[in-house]
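Residue-level structure breakdown
Residue strings, one per chain:
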Amino acid sequence: MGIQSTMQHGNLGVAQLLRQALKYGCNAELTYESEGGRHRTTVRDTAVRAARLGAGLAARGVGPGAVVATLCNAEVEHFEAYLGVPARGMVLHPLNVRMHDGDLAEDVREIGDSVLIVSRGYLERYEQLAPMLAGSQVRLVLITGKGPVAPAKGLPVETMSYEEFLADVPMPAADALTDPEETSAATICQTGGTTGRPKTVVYSHRSVWLQALSLTSANSLGLSRRDTLLPAVPFFHVNGWGLPYAAVMAGTSLVLPGSDFSAAALDTLIEDYGVTIAAGVPTIWTDLLRLRDTSGAARFRSLSRLATGGAIIPDSLVAGMTERQIEIIQAWGMTETSSMSVLGRVRRHTADTGAKSQPPVGYPMPGLELRVVTADGAAVEPGNGQAGEIQIRGACVARCYHGIEAAEAFDGEWLKTGDIGTIDRLGRLTLTDRLKDAIKSGGEWIAAPVLENALRNLTGILDAAVIAMPDERFQERPLAVVVCKSGASPDIAACRKGLRELVPSWWVPDCWAVVPSIPLTGLGKPDKAVLRRLHETGALNIQRASSETLPTQINEQPETTHEN
């Protein structure tokens, strides 16, 4: 058999992270918003509560493999669930609050969630959702925060205060936490749903560990014990970009923003708590820069790095942050790739050189491989400049989806990303276009086919197509191109009101164009290339919604996804 390794073997995963936090998390601080005020604790004390959460669920018969859902923001109880639930072999399922209630309920039923943790801030939303969960496997609901707790109408299952639940659970010994098998399920996240209902990706303990480890390297975010991290990222998106787990691994202090991602709130948190690195989509940082420019504020007291991705980074943002000595780290990734997969430092490429081509995003993280494939399936040699679809494989990349067959999304062991780009001779990725028929607004996908179908169901609309139009704040917003039955202009206010009953409110277009007919491809599908050319040349007569019906505020917008 040959010589054998003399190294110990242990299962990588969340239980190890929890034990690390319990033993070595005393110096890492955790700041969070709760009940209208700010509170400070340590990562270790939070890990104690996380361990009790897992032990309490186990004592109630919630065993390994059972799924625990969360309807929460970037708040301390959600962080506790991130650690305590998978560490006991259960599977964490953060529900994407951007989704429609009907889709959320269907996901809970299909995945078989048995426990639901609800943030007090989402209590009203939960009460609307609860009747749709009748017949699901949910048998225990925990409500965070202060105030009365009672079963919701339509879902008469055991309902408890989260704090009262924890109070009855003794602290288990750290060494008593056994490691789940590293290939077993740890967490669940839904994709952005670029062509329809989101697909389900199930991460293993090993993939969670490896993704977190990659974010601590100097070639990525370089998280360390010297840092204080502000993740301006909802935790229901791709494990919060993997940041909560990476922070625990690195011993990094955390500042959790709760549900308020406004520029004013984030600016205060950054300054008050000595944040050194923050992460979020470009829209958030563009708003923050605008606030700083308006107020005349000088350099940040402690901030040195911004991690951003999910949309094109405006040159104005790069220039403004560079002037304040802030380094911007650009990231590309998907739900299927455990979030951040390619990272690089952003230079003032366009602003300084006048170049019109996109600069490289960066290099893939260790353990990940990229390739470019042409339309006929041939792999492109790196460095020849030929563009094609970007494909990726590696230990943090999905090999399939949960519960559905989607062979078209994979090329053997390679994941088809739907993004078009090149790989240079150094191995750097540059994105040039995308195959996906979707709009990325504020960093989150809007599924064009779904929105188009909703438009066609509106009174007075005969046909419709949706394309992306540039937006200074959100990078892209949907432009609704419609054909009216009467030939007259649509009642935009009435159409927008009707759409809110059919799709998430932030999908609703604020710009509309009426055309005699929708141009079609040879396959009879809307020819988006023609529509984009018409828009670029000004040939479309665009009507904008009145100011009182414009898109929602940034903290109600799709501000924090990270997938491409």
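What this report covers is the structure whose coordinates are included nearby.

Quick notes on the rules
Residues numbered from 1 in each chain as written. Predicted model: local features only at pLDDT ≥ 70, side-chain atom pairs only at ≥ 80, totals over all residues. Heavy atoms only, no water. Core = buried A, V, L, I, M, F, W, Y, C linked by side-chain atoms within 4.5 Å. Buried < 20%, exposed > 50% of the residue type's maximum accessible area, 1.4 Å probe, protein only. Helix = DSSP H or I, 4+ residues; strand = E, 2+ residues; numbered from the N terminus. Contact = heavy atoms within 4.5 Å. Disulfide = S-S within 2.5 Å. Axes fitted to C-alpha atoms, helices over the stretch in contact; angles between N-to-C directions. Parallel < 35°, antiparallel > 145°, perpendicular 65-115°, else oblique. Left-handed = near helix turned anticlockwise from the far one by under 90°. Nonpolar A, V, L, I, M, F, W, Y, C, P; charged D, E, K, R; others polar.

**Things to note about the nonpolar core**
- Ranked by size, the top nonpolar core spans 116 residues in total, and within it Leu53, Leu57, Leu221 and Trp332 carry the most contacts.
- One finds Leu499, Trp506, Trp512 and Ala545 within the second-largest nonpolar core, a separate group that totals 23 residues.

**Here's the deal with the environment of leucine 415**
- Positionally, leucine 415 belongs in strand β21 (residues 414–423).
- The exposure class of leucine 415 is buried, given its relative accessible area of 0%.
- Leucine 415 sits 179 residues away from phenylalanine 236 along the chain, and the two C-alpha atoms are 22 Å apart.
- Those residues in contact with leucine 415, other than ones at most four positions away along the chain, are Met334, Glu336, Thr337, Ile390, Gln391, Ile392, Val397, Ala409 and Phe410.

**What about the state of the cysteines?**
- For the structure shown, the criterion picks out zero disulfides.
- Cysteine 511 carries a free sulfur, and the closest cysteine sulfur to it, the one in cysteine 495, is 14 Å from it.
- On the accessibility criterion, cysteine 511 (3% relative accessible area) is buried.

**As for the packing of helix α1 (residues 14–24) against helix α2 (residues 43–59)**
- Two elements in contact, α1 and α2, have axes whose closest approach is 7 Å; the angle formed by their N-to-C orientations is 130°. Taken together, the axes of α1 and α2 lie oblique to each other. Seen from above, α1 lies across α2 with left-handed handedness. Contacts between α1 and α2 pair Leu18, Ala21 and Leu22 from the former with Val43, Arg44, Ala47, Val48, Ala50 and Ala51 from the latter.
- Along the lines of polarity and charge, the residues of the contact of α1 with α2 split into eight nonpolar, no polar and one charged.

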